[in-house]
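Secondary and tertiary structure notes
Chain by chain, the residues:
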Amino acid sequence: MSDTVMIEVPTTDRMLACCAGIGADGHESKPVSIDERIAGLWFDPHRPPPDEPVLVTIAGIHCATPGNITTITAHKKEGKTAFMSAISSAAISKRGDNLGVEAFNPDNKTVLHFDTEQSAMDHWKICDSILRRAQLPESAIFKSLCLTSLPILERQAVVHHVIRQEAQRGNGVFIALIDGHGDLVRNVNDPEETADYVAALHALAIETRCHIYGALHLNPGSDFKSRGHLGSELERKSQTNLRLEKTDELFCAWGDANRGAPIPKNAGPCFVWSNDARMHVSVATRLQTKSDVQLEDARMKVAEGFRLAGKPALHYSELIAAIQRVPGVKSSSTAERHFRTAKQARYISKNLLNQWQITP
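Predicted model, so just to flag it, every value in this text is computed and none were measured. (Residues numbered from 1 in each chain as written. Predicted model: local features only at pLDDT ≥ 70, side-chain atom pairs only at ≥ 80, totals over all residues. Heavy atoms only, no water.)

Moving on, we get to the packing of aromatic side chains. This model, assessed by the stated rule, comprises four aromatic pairs. The interplanar angle of 80 degrees and the centroid separation of 4.9 Å between the aromatic rings of tyrosine 316 and phenylalanine 339 together place this pair among those described as edge-to-face. Here the residue tyrosine 316 occupies a position in helix H9 (residues 316-324), and phenylalanine 339 occupies one in helix H10 (residues 332-344), the gap between them amounting to 23 residues. Here the aromatic rings of phenylalanine 339 and tryptophan 356 are separated by 5.1 Å at their centres, their planes lie at 90 degrees, and the arrangement is edge-to-face. Placement of phenylalanine 339 in helix H10 and of tryptophan 356 in strand S15 (residues 356-358) is noted, with a sequence separation of 17 residues between them. The residues phenylalanine 339 and tryptophan 356 share a single accessibility class, namely buried. An aromatic cluster of three or more residues is present, and its members are Phe83, Phe251 and Phe271. (Phe/Tyr/Trp six-rings, centres within 6.5 Å; stacked < 30°, edge-to-face > 60°. Helix = DSSP H or I, 4+ residues; strand = E, 2+ residues; numbered from the N terminus. Buried < 20%, exposed > 50% of the residue type's maximum accessible area, 1.4 Å probe, protein only.)

Shown next, in the form of structure tokens:
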């Protein structure tokens, strides 16, 4: 890139200097008081924000909205890049096998992909596999950068610069994917550096109204803790924390530390490598029977309905309407089928006010 790009780190001193009328470069700028900066940030019970659109679902579970981040963790060679490729593919096309991922990008916003780990040839192969998975020869809305040859802080600067730049063009940015976070910081165990990195990334997602995905390795020898302070900060800030596991040759995606509904391990998307397809392909979930699959699907849809309604108990008509709001439920008859399945399994039951609730 021809222009030098500098990233602004949101330190307290710099924020106070900005409020006092001193720019990040030391020159005077228009003074802005603290009160002016926070004027639009107060809670107002009479002005609720509009409902956020669902951008991505995994196994039918709503797990990505604008202004948030998702972290995908796994040990090395356990499917992080493959699953991020499926998310990229789902965001640009509904044709291919997207490993249980469904994206809702009706405005054809840009999908940005940043590779921080691979060689130029491997980066090309990953992007080629994304297009093959999407069953597209090319895509005007898919853009990918290989950052491996750049210094670490320059990589950070490029990510911020490109996301902001693309957000101002055309229809904006739908999602951005970083594969992976560990190569954008000097020290994953530095609490100050990693806190600044994650806070700036989250602020960038809010500013540009996109969702940012990022991959990170688990600590060696741990089945749950991602790398260093960086992993702790990302998990704390993430709307969704996805785990990828490999058992024999079977990969599985799941998540139980999410702000919304969990993605149960036995119902999460599963996939294997296919030599014929030259990519990973979907296989059946770990649920054993058709009735298991139907029950788990109904359980997740009903739980998400209660979450979207914002109430622990609902009358029948309210619950059916709430289930209809869940991505993937396209009619009242489908919502009623999920209700009946959950009722028969005693997943839901009536309370003393004759309302339906998840059985305690």
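Burial analysis of strand S9 (residues 240-247) places six of its eight residues in the buried class, the great majority of the element. Of the strand pairs in this sheet, strand S3 (residues 68-74) and S9 are connected by four bridges, and their pairing is parallel. For threonine 71, the partnering residue across the bridge sits in S9 and is asparagine 241. The sheet contact formed by S9 and strand S10 (residues 250-254) spans five bridges and is antiparallel. Across the sheet, the residue bridging to threonine 247 is leucine 250, located in S10. (Pairing = 2+ DSSP bridges.)

Quick look at H10 now. The terminal C-alpha atoms of H10, which comprises 13 residues, lie 18 Å apart, in line with the 18 Å expected from a rise of 1.5 Å per residue. Directly beyond the C-terminal end of H10, a positive phi value near 60 degrees is found at arginine 346. (Expected span 1.5 Å × (residues − 1).)

The next thing to look at is the pairing of strand S12 (residues 279-283). Note: strand S11 (residues 270-274) against S12, five bridges, orientation antiparallel. The partner of phenylalanine 271 across the bridge, within S12, is serine 282.

To continue, consider unusual backbone geometry. Geometrically, the link from aspartate 179 to glycine 180 is a cis peptide bond, its omega value of 5 degrees lying close to zero. The residue glycine 180 is located in the loop between strand S7 (173-179) and helix H6 (191-208) in this model. The phi dihedral of leucine 99 falls on the positive side, at around 55 degrees, and the residue is not glycine. Among the secondary structure elements, leucine 99 is positioned in the loop between helix H3 (80-92) and strand S4 (101-103). For aspartate 248, which is not glycine, the phi dihedral falls at a positive 55 degrees. With respect to the secondary-structure elements, aspartate 248 resides in the loop between S9 and S10.

The next thing to look at is the environment of glycine 221. Among the secondary structure elements, glycine 221 is positioned in the loop between strand S8 (211-217) and helix H7 (228-237). Sequence separation between glycine 221 and histidine 75 is 146 residues; the distance between their C-alpha atoms is 9.1 Å.

Attention shifts here to the packing of helix H5 (residues 152-167) against H6. Any two packed helices are characterised by how steeply their axes cross, that is the angle between the axes, and by the distance between the axes. Running from amino to carboxyl end, H5 crosses H6 at an angle of 10 degrees, the nearest separation of the two axes being 10 Å. Considered as vectors, H5 and H6 are oriented roughly parallel to each other. Residues Gln156, His160, Ile163, Arg164 and Ala167 of H5 lie in contact with H6, whose contacting residues are Tyr197, Ala200, Leu201, Leu204, Glu207 and Thr208. Of the residues contributing to the contact of H5 with H6, the split by class is six nonpolar, three polar and two charged. (Axes fitted to C-alpha atoms, helices over the stretch in contact; angles between N-to-C directions. Parallel < 35°, antiparallel > 145°, perpendicular 65-115°, else oblique. Contact = heavy atoms within 4.5 Å. Nonpolar A, V, L, I, M, F, W, Y, C, P; charged D, E, K, R; others polar.)

In terms of nonpolar packing, the biggest core is built from 43 residues, with Phe83, Ile92 and Tyr213 touching the most fellow members. Among the elements that make up this core, the one with the highest residue count is H3 (eight residues). If near-sequence neighbours (up to four positions away) are discounted, tyrosine 213 is found in contact with Val56, Ala64, Thr70, Ile72, Met84, Ile87, Ile175, Ala176, Leu177 and Ile178. Grouped together as the second largest cluster of nonpolar side chains are 24 residues, Val159, Ala176, Ala205 and Ile212 included. (Core = buried A, V, L, I, M, F, W, Y, C linked by side-chain atoms within 4.5 Å.)

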